[in-house]
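# Structural overview for review
Residues per chain, in single letters:
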Amino acid sequence: MAEGQLVSKQNAHDHDDGDGFEEAKIKLGKIVMKKTDDVSKMVNISKHEEPLSPAACVISDPLLDGYIFTIVGFEKEIDVESLKVLLQKNLAEHQRFSSVSEKDKHNNLKWCAREVVIEDHVIVPSLSVSTVKDLNFVNEYTTSLMTAPPLDPCRPLWEVHVLNVSSGDVAASLVFRIHHSLGDCISMLSLLINSTTKAPNPNVSHTILQHKPSYQRSTGFLQIVYNVIAGLWLTFLCVYDYMIVLLWNGDQNLLKEASRAKISSKRLAHVTLNIEDICLVKKAVNGTLNDVIMGALSAGFVRYMSRRQYKKMTRSSDQKASADQHLPLNISLRAMVAVNMRETPVLKDLDRNMKTPSKSMWGNKLGFWMIPFPTFHYGDPLQYCRVTKMMSRLKKLSFEASLIYAITKHMPTKLVAYICTKLAESTTLGISNVMGPVEQIQYGDNPITHIIPTAHLNYHSIVMHFISYAGKGKLVALVPEDVIGDPQQLCEDCAGALRVMKEAATKSTPLNLS
């Protein structure tokens with residue numbers, strides 16, 4: 001089989017017999033592996049040592065210990081041996097993916113080169129035919145990895161699980177488990193894009209959907225002075241808000257009642273959104289894609305919590321009658337929104353730094369905004385987007401994200417990790433969204449149907465991710481099972497909110513709030 005060929009010649013349902021899903025889980029560090037006859041491929045990496053960035057040290061702290069999980073769906077079944085060849089070429093030669101973190105004589109963490117044995121990083125669980133018929137199998141398998149033993153620190157901290165499980169338009173899936181210290185979601189998605197080609201034209205470069213600002217800042221002297229003064233004042237107010245949240249008044253709502261303690265059991269759900277619908281609403285409110293996504297999340301959480309409030313008050317199982325139930329006035333819901341701190345946020349520009357990661361581009365380059373979500377119903381569905389648009393403008397004018405990023409870089413690691421856990425305990429959810437390729441891409445010669453990213457960090461209650469790909473958007477929810485037992489309903493509520501916004505946008509005249 002030629003190099004780069006990823007499609008298997010075997011039947012898509014020809015799986016090894018096993019005891020089902022329980023054997024697929026990692027228990028006591030043991031995994032049932034499929035036997036292969038090929039010799040282990042090893043990649044020789046030149047010796048190098050580089051200190052871990054402050055953000056990587058914080059994420060590596062036991063209080064957080066973050067991992068990135070990404071499900072990549074394919075149109076055809078995956079051939080394991082060809083996959084190893086591709087991974088050797090695309091991942092094993094990458095500096096971060098061929099290094100481990102070790103402490104030097106001064107007790108500082110450094111990246112140290114290691115030889116990569118491909119077989120150690122490719123996991124092929126033995127699955128029974130009866131088990132893989134479950135449509136939610138891939139999601140459950142992924143969440144089972146979140147409670148699995150940590151990756152071996154003596155090897156580079158990543159692994160790929162091969163699931164030749166068909167579901168809908170997906171014939172097989174890869175589940176990437178990567179320690180967050182290796183890089184953030186933008187770095188990982190950039191690496192994936194750099195490792196793929198455009199389908200069905202591999203010689204044509206990818207097209208990335210870019211953020212375009214809905215307004216232009218004035219560059220006059222007086223305007224610059226005003227921006228600095230306003231930015232400092234808004235940053236002071238942000239610091240005051242953080243102090244209030246951390247010391248006295250965290251979020252109070254139904255979703256926080258069961259999430260005060262560390263929760264390990266997670267559930268994963270996702271829903272597909274239409275990028276054209278998002279763009280239509282964006283035009284109606286004269287905002288950005290981020291404004292619309294945040295508005296849909298805000299409205300979706302109001303819908304979901306209203307239903308929960310209704311069921312709590314009436315003990316009713318009727319889920320439709322509660323859609324317009326008003327929430328109590330004394331509740332609060334805050335979101336920690338990840339902000340890309342790179343000077344050039346366009347994803348495509350990171351491709352040049354894959355073999356030798358640029359210090360200014362690769363890694364965990366994230367700041368954060370703390371944004372309060374409205375907790376009541378608006379008569380005009382588009383008002384949710386207008387509110388998030390106004391808050392985003394204020395946050396952009398402030399130095400909040402830069403301040404958080406600077407604190408991460410310059411304050412002691414243990415203190416930053418503690419503050420992060422306190423913020424996660426005091427707020428309701430974390431939000432991240434990235435823009436992926438506009439056209440469909442393929443890995444080897446196997447077209448990719450969808451990309452589903454999420455991140456697992458200790459203590460964080462609810463994590464929402466959005467990623468665009470090939471004209472569609474995936475909204476992904478990772479939730480504690482004890483807090484939200486029906487994460488698919490939460491995703492559907494957010495999707496339903498976007499549909500209502502689209503209907504309102506088609507009837508309204510675009511508003512210019514500048």
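So, here's what we can say about the structure. Computed from a predicted model, the values in this text were never measured in an experiment.

### Digging into the packing of helix α7 (residues 221-247) against helix α11 (residues 400-410)
- Two elements in contact, α7 and α11, have axes whose closest approach is 9 Å; the angle formed by their N-to-C orientations is 60 degrees. On the basis of the axis angle, α7 is oblique to α11. For the pair α7 and α11, the contacting residues are T235, C238, V239 and Y242 in the first and E400, L403 and I404 in the second.
- Class assignment for the residues of the contact of α7 with α11 results in five nonpolar, one polar and one charged.

### Here's the deal with empty space enclosed by the protein
- All chains considered together, the criterion is met by four cavities of 30 Å³ or more.
- The calculated volume of the largest cavity comes to roughly 250 Å³.
- What lines the largest cavity is a set of 19 residues, among which T70, F176, M188, L189 and L192 lie closest to the centre.
- Broken down by secondary-structure element, the contributors of at least two residues to the lining of the largest cavity are β3 (67-74), β9 (172-179), α6 (185-194) and β16 (446-456).
- When residues in the lining of the largest cavity are grouped by element, the largest group, five residues, is from α6.
- Looking at side-chain class alone, the lining of the largest cavity contains 17 nonpolar, two polar and no charged residues.

### Points about the pattern of salt bridges
- For the coordinates displayed, the defined rule picks out 14 salt bridges.
- One salt bridge connects D61 with K414, and the closest N-O pair in it is separated by 3.0 Å. Separated by 353 residues along the polypeptide, D61 in the loop between α2 (54-60) and β3 and K414 in helix α12 (residues 413-426) bring together distant segments of the chain.
- Among the residues examined, K414 registers a relative accessible area of 57% and is labelled exposed.
- Across the pair E400 and K395 runs a salt bridge, and its minimum N-O distance is 2.8 Å.
- Judged by its relative accessible area of 2%, E400 is buried.
- Salt bridges sharing partners connect three or more residues here, namely E81, K84 and E119.

### Some remarks on the environment of V387
- Its location among the elements puts V387 in helix α10 (residues 383-397).
- V387 sits in the buried class, given a relative accessible area of 19%.

### What about the pairing of β9?
- Of all eight residues in β9, eight are buried, a share of seventy percent or more.
- Burial of the side chains of β9 extends over both faces: A172, L174, F176 and I178 are buried on one face and S173, V175, R177 and H179 on the other.
- Strand direction decides the pairing type here: strand β8 (residues 158-163) and β9, joined by six bridges, are antiparallel. The residue of β9 that forms the bridge with L163 is S173.

### Details of the layout of surface pockets
- Taken as a whole, the second largest pocket encloses approximately 470 Å³ of empty space.
- If you go around the second largest pocket, you meet 23 residues; those closest to its centre are S167, V170, H270, H450 and K474.
- When residues of the lining of the second largest pocket are traced back to their parent elements, those giving at least two are α5 (137-146), β11 (266-274), β16 and β18 (472-480).
- Per-element tally for the lining of the second largest pocket: the top contributor is β16, with four residues.
- The residue inventory of the lining of the second largest pocket, partitioned by class, reads ten nonpolar, ten polar and three charged.

### Re α5
- The element α5 is largely enclosed, with a buried count of nine among its ten residues.
- Taken together, the buried positions of α5 are occupied by F137, V138, N139, Y141, T142, T143, S144, L145 and M146.

Procedures and definitions
Residues numbered from 1 in each chain as written. Predicted model: local features only at pLDDT ≥ 70, side-chain atom pairs only at ≥ 80, totals over all residues. Heavy atoms only, no water. Axes fitted to C-alpha atoms, helices over the stretch in contact; angles between N-to-C directions. Helix = DSSP H or I, 4+ residues; strand = E, 2+ residues; numbered from the N terminus. Parallel < 35°, antiparallel > 145°, perpendicular 65-115°, else oblique. Contact = heavy atoms within 4.5 Å. Nonpolar A, V, L, I, M, F, W, Y, C, P; charged D, E, K, R; others polar. 1 Å grid on protein atoms, 1.4 Å probe; cavity = no way out; pocket = protein on both sides within 12 Å on 5 of 7 lines; lining within 4 Å. Points joined across faces, edges and corners; volume = space filled by probe spheres on them. Salt bridge = Lys/Arg side-chain N within 4 Å of Asp/Glu carboxyl O. Buried < 20%, exposed > 50% of the residue type's maximum accessible area, 1.4 Å probe, protein only. Pairing = 2+ DSSP bridges.

Distances and angles like these do not, on their own, reveal function.
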